[in-house]
Amino acid sequence: MASSSKADVTEQEEEEEIDHFNDFTLASSWERFISEIEATCRQWMADGPKKLLEKGAVHLDSSDNIYKVKSDLKIAAKVYSMEYYFEVSNNGKIADWNSTLHDLHLCFGVKEFLVISPQSASGVVLDAPEATKLLSTISIALSNCSSLWPAFVPVHDPSRQSYIGIQNMGTNFTRRFEADRIGSQVPIKFMHLEGLYELFVSKFAYCTADHSMHLFKVHLRMKLTYRTLPNDEDNDNDIQEPDAENADSETSLGGDNRNRKHWDDDCPWNEWYFAEDPVKGFDLVATWSEKVVESSLEMAELENASPHEAENWILAPNLSPNLSKEDRIGFASQLLLLVNALDISFGVQFVEDFVSVQTPDSDNLNSSMVIPPQAVLDHVLKDLFLEGLQLPNFAKDEHKNSQAIKGAPLESLFTQFCLHSLWFGNCNIRAIAVFWIEFVREIRWHWEESQPLPRIPANGPIDLETCLINQKLQMLAICIQKKREQNKEVDASANMEENIKGGEKSSSFHAKSQAFDGKRDSLFIPEDFNGSKTAVPKFNANSQDVHSADKSCSDSIRRGSSGPVGSMKLLKSCQSLHAPFTQSAPLMTEDMHEERLRAVEASGDSFNFSAQLERERLSSDMSAFKAANPDADFEDFIRWYSPGDWENDESAKNFTEGVMDEWPPRGRLSQRMSDHGNFWRKIWVDAPILAAFEQKPLLDPNHEGEKILHYLETLRPRQLLQQMVCTAFGASADILNQTNFGSLKQMNMKMDQLYLTMASTLRSLQVNLSSNISETIEDVRRLCVVFEHVEKLVTLAASLHRKFRQEPRIAEAIFSDFYNFYLPTMEIGLADVVNEKEFDMKLQLRQDERQFVSNMFKPPTANQSWRKVLSMGNHLNGHEPILREIIFTMFDNASESHYASVADHDTSSSPSPSPRVNEHEIETYRMYTCGTSNDLRVALAVTSHD
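All of these numbers come straight from a predicted model, not from anything done at the bench. (Residues numbered from 1 in each chain as written. Predicted model: local features only at pLDDT ≥ 70, side-chain atom pairs only at ≥ 80, totals over all residues. Heavy atoms only, no water.)

Chemist: Tell me about the overall build of the protein, residues and numbers included.
Modeler: Each helix and strand in the protein was counted, giving 28 helices and 18 strands. Taking all 946 residues of the protein together, the buried fraction comes to 48%. Within the protein, contacts between residues separated by at least 24 positions form 74% of all contacts whose residues are at least 6 apart in sequence. In the form shown here, the protein has an accessible surface area of approximately 46900 Å², with 48% of it arising from carbon and sulfur atoms. (Helix = DSSP H or I, 4+ residues; strand = E, 2+ residues; numbered from the N terminus. Buried < 20%, exposed > 50% of the residue type's maximum accessible area, 1.4 Å probe, protein only. Contact = heavy atoms within 4.5 Å. Areas by Shrake-Rupley, 256 points an atom, 1.4 Å probe, with all protein chains shown as cover.)

And the structure:
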């Protein structure tokens, strides 16, 4: 059975070889050319779209579902390219002319077709006989393989976009195609719908004398495209050019030209740079579905119709091409320059080395690293120190994840320095070095003159979540404030001495003590004080005089008391226990904490670890407690200072109505406080009896201030740049986060992701880099790319929100489409993008949105009207269409004419198939027109009998 089947297959193959045998010994070159075309077409037909896709059919970027395959054919010395275009399934949807279609789809309404063209510079057949012969060759080849594909040959000049074509209908009928274009001087008649209608009718009417008197049932569909004017087209004459002498400084400061209005004037980034409006404008497409027109008079009426009468409105945004290209804007570009400066800073010991360019890496400092003139530097310093005297609200509009980045608050002095550095001298390392030196010099002036530092709080705890430079500046601001207070006290003391010499003497030490308490110690312990140390720390610069006055009195005189603590009594004397005024805990920056921690760890005494860390503070509080309670013991101090270390006996009895049932009360120190050699008791024994105003301040503002200035003046370049990079990234993100872009969920999500990505990447810069420096720098450079993506999305979101405040659905739909289009780019990086497909979005507008969109087409001003003479109809608020497309079709009754035999073989498929009056009608004439008053393209398809 198997052998019989095999024999049948062999016989069948031999018969096929006989049927397709070609005797090329007698064939001409054109006959061989026809055979080659026929073989290629047979192969494509046998494969079908699915297999062609598997073999590598090329997708057209201009379309969603159109592909092509190509084959090179040679005849004599000429080489031709034959391309087969075909559509794949579009999820059951029928493509219409609002979709992105191939040019020949629109012109002739075909679905799949062949294009054969010479491989030459022009790509068209310039010789008319050659074009005709080539088309006939294809027609014969397609007929031999029983294919109904239409075939086209490009002819004439390439700018005319001309084609001739033919399609075998499978019977004695043939469809012929022709397309041509008028690039200039379009006849006035064809600028209007009436003239185009008559042009179409002339192709089949027997009498062309007066088409308006004849009635032809012509089917018509029309699409009009309107475009908004560029945003700045009407502002060109209103712009005041900057003075030549100010041009350089304005450029150096980021182009701060306020004479011209920009779209982003109220956007948060506008203080630093002007962003290009990513939304260049909009195209509005108004389409009329198919209608039957019987005379040219109806066409004249249609030309006067308002676009509001169109069945559909489609809105298409025209976005800047820079959105999807590697073109860093704004903060992203400057942050990359700052990262480059950081890369150069490694290995250099002093910031001053970059100013003189005498460094080991001086080769990296090229001539492009220009230092701006002194006038620009003075302007920036003035902006930093003179215009920021009012303390800003640091927590305003702060993102929930912003503190994960160890930088500084957005409005703080160091952050503003970093932001100015991004544009100062285009953020080169030499400009940064000069700027930093002058910045520190200005800070020293504020210190020496006891002038408050702007943009920095002079009170409160040091924010250890910020970078070290910001901590140092905050510490310095507090030291300046302390100096100012000391200066005032010295002046007040001098005035007091003058008054004493004049006879106004104070009667006793108590008068001085009361004056001190009234002036400095304004906070008292509440009645329900539970033993915690909440008294306000105070001290007096003139403590020696007060102390000498105290010695003249009894040793038991109470000093520095803020009042009794509830009903607590001293254990020995049964007197009221008083809470003392105490000094505040000494403020410390992060490096000071680490220094003290290392010192204690070196001592090896882990048992008294916390007490050693707080020894100065603890000794100060014990001294103040002794002065406020002369008869107190260590146990009394513990009961007030650390109640948890005093264990009451449950059998102990309390005072009742002032009568002591049992005294002293039963209780004892905790185990850790009662151990032999306890560190707390040792400090208690050594602590002198001194009130807070008699003690040496825990914070010496003069000493600490000079230490901070020494740190700033000797800071290594890499340490400066590392903190600048972290702060600049965080500040730039905070500025973008202030942008008002409505309720765009994708944008909010992207901002959240940006902060987390920055925190993770910049964490490596918050330590002393000693290894993997190049790897860290590359990671931060990649972060610049991520930042660029988000920055572009923010500008787009802001622009859309401004334009569609009243119709947020439109803004959300456009942004969502672009976000999905841009998402692959964000995932792989702009440098790796291969797909050059442009963003092409068409949004179907609702009826209630039409008026708002219509108002976007503002009537042309007098300045704009002379530029263009309106010559077409269907105006929208004075705007004529930039493109008018019309499809004229004529049907014939197949059952009552010579077209009956072709009715069942019509395989043409228009982009949006024209509905037949009934199943026996066939399209006999079709004309597609596209153009404006200065440009017209016409494509005609005619079905005829051979």
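Resuming the write-up.
Chemist: Can you lay out helix α7 (residues 296-303) for me, pointing to particular residues and giving the numbers?
Modeler: Turning to α7, its buried residues are S296, M299, L302 and E303. The arc that holds the buried residues of α7, viewed along the axis, is 105°, so those residues lie on one side. Looking at α7, the residues exposed on the side facing more than 90 degrees away from the buried face are L297 and E301. Lining the buried residues of α7 we find α5 (193-201), β8 (218-227), β9 (279-293) and β16 (883-893). (Arc of directions from axis to C-beta.)

Chemist: Give me the lowdown on the packing of helix α23 (residues 717-737) against helix α25 (residues 773-803), citing residues and values where you can.
Modeler: It is the contact of α23 with α25, at a shortest axis distance of 11 Å, that shows an interaxial angle of 15°. The orientation of α23 relative to α25 falls into the category roughly parallel. In this structure, the crossing between α23 and α25 has a hand that is left-handed. Residues V725, F729, S732, A733 and L736 of α23 pack against V780, L783, C784, F787, E791 and V794 of α25. Along the lines of polarity and charge, the residues of the contact of α23 with α25 split into nine nonpolar, one polar and one charged. (Axes fitted to C-alpha atoms, helices over the stretch in contact; angles between N-to-C directions. Parallel < 35°, antiparallel > 145°, perpendicular 65-115°, else oblique. Left-handed = near helix turned anticlockwise from the far one by under 90°. Nonpolar A, V, L, I, M, F, W, Y, C, P; charged D, E, K, R; others polar.)

Chemist: So what about the environment of S799? Which residues, and what values?
Modeler: Assignment of secondary structure puts S799 in helix α25. Under the relative-accessibility criterion, S799 is labelled buried at 0%. Placed 520 residues apart in sequence, S799 and V279 show a C-alpha to C-alpha distance of 6.7 Å. Those residues within four positions of S799 in sequence are excluded, and the remaining contacts are W263, D277, P278 and V279.

Chemist: Quick one: what's the story with the pairing of strand β2 (residues 66-75), residue by residue and with numbers?
Modeler: Of the strand pairs in this sheet, strand β1 (residues 58-59) and β2 are connected by two bridges, and their pairing is antiparallel. Across the sheet, H59 pairs through a bridge with Y67, a residue of β2. By the bridge criterion, 10 bridges tie β2 to strand β3 (residues 78-87) in an arrangement that is antiparallel. Across the sheet, residue L73 finds its bridge partner in β3, namely Y80. Once β2 ends, the chain turns through two residues before running back antiparallel as β3, passing A76 with a positive phi of about 55°. (Pairing = 2+ DSSP bridges.)

Chemist: Help me get a handle on the packing of α23 against helix α24 (residues 745-762), residues and values and all.
Modeler: In contact at an axis separation of 11 Å, α23 and α24 are set at 175° when each is read in the N-to-C sense. In terms of axis orientation, α23 runs roughly antiparallel to α24. Contacts between α23 and α24 involve V725, C726, F729, A733, D734, L736 and N737 from the first element and M751, L754, Y755, M758 and L762 from the second. Residues of the contact of α23 with α24, tallied by class, amount to 10 nonpolar, one polar and one charged.

Chemist: Can you explain the environment of D157? Please cite residues and give values.
Modeler: Within the fold, D157 resides in the loop between β5 (151-155) and β6 (162-168). A relative accessible area of 39% means that D157 is categorised as partly exposed. Considered as a pair, D157 and V125 are 32 residues apart in the sequence and their alpha carbons are 8.6 Å apart. In terms of polar contacts, D157 uses its side chain to reach the side chain of S159, at 2.3 Å. (Polar contact = N/O pair within 3.5 Å; in protein donor to acceptor, adjacent residues only side chain to side chain.)

Chemist: Give a description of the pattern of salt bridges that names residues and reports values.
Modeler: The full count for this structure, using the stated rule, is 34 salt bridges. With a shortest N-O distance of 3.5 Å, E590 and K406 are connected by a salt bridge. Of this pair, E590 sits in helix α16 (residues 590-603) while K406 is found in the loop between α10 (374-385) and α11 (413-423), placing the two residues 184 residues apart along the sequence. Between R441 and E438 there is a salt bridge, with the nearest N and O atoms lying 2.8 Å from each other. Pair noted here: R441 and E438 are both in helix α12 (residues 429-448), with a separation of three residues, about one helical turn. Residue R441 is classed as exposed on the basis of its relative accessible area of 52%. The network of salt bridges with shared partners includes R444, E448, E706 and E713. (Salt bridge = Lys/Arg side-chain N within 4 Å of Asp/Glu carboxyl O.)

Chemist: Lay out the packing of aromatic side chains in plain terms, naming residues and giving numbers.
Modeler: One pass over the structure, following the stated rule, counts 44 aromatic pairs. A centroid spacing of 5.8 Å and a plane angle of 45° characterise the contact between F33 and Y80, whose relative ring orientation is tilted. Placement of F33 in helix α2 (residues 29-54) and of Y80 in strand β3 is noted, with a sequence separation of 47 residues between them. Taking relative accessible area as the criterion, F33 reaches 1% and is therefore assigned buried. Using a relative accessible area of 1% as the deciding quantity, one classes Y80 as buried. Consider the rings of F152 and F177, whose centres lie 5.0 Å apart with planes at 50°: the pair is tilted. Of the two residues, F152 sits in strand β5 while F177 sits in strand β7 (residues 173-182), which places them 25 residues apart along the sequence. Across the pair, exposure class does not vary: F152 and F177 are buried alike. Three or more aromatic residues joined by ring pairs form one cluster here, namely F385, F414, F417, F424, F435, W436 and F439. (Phe/Tyr/Trp six-rings, centres within 6.5 Å; stacked < 30°, edge-to-face > 60°.)

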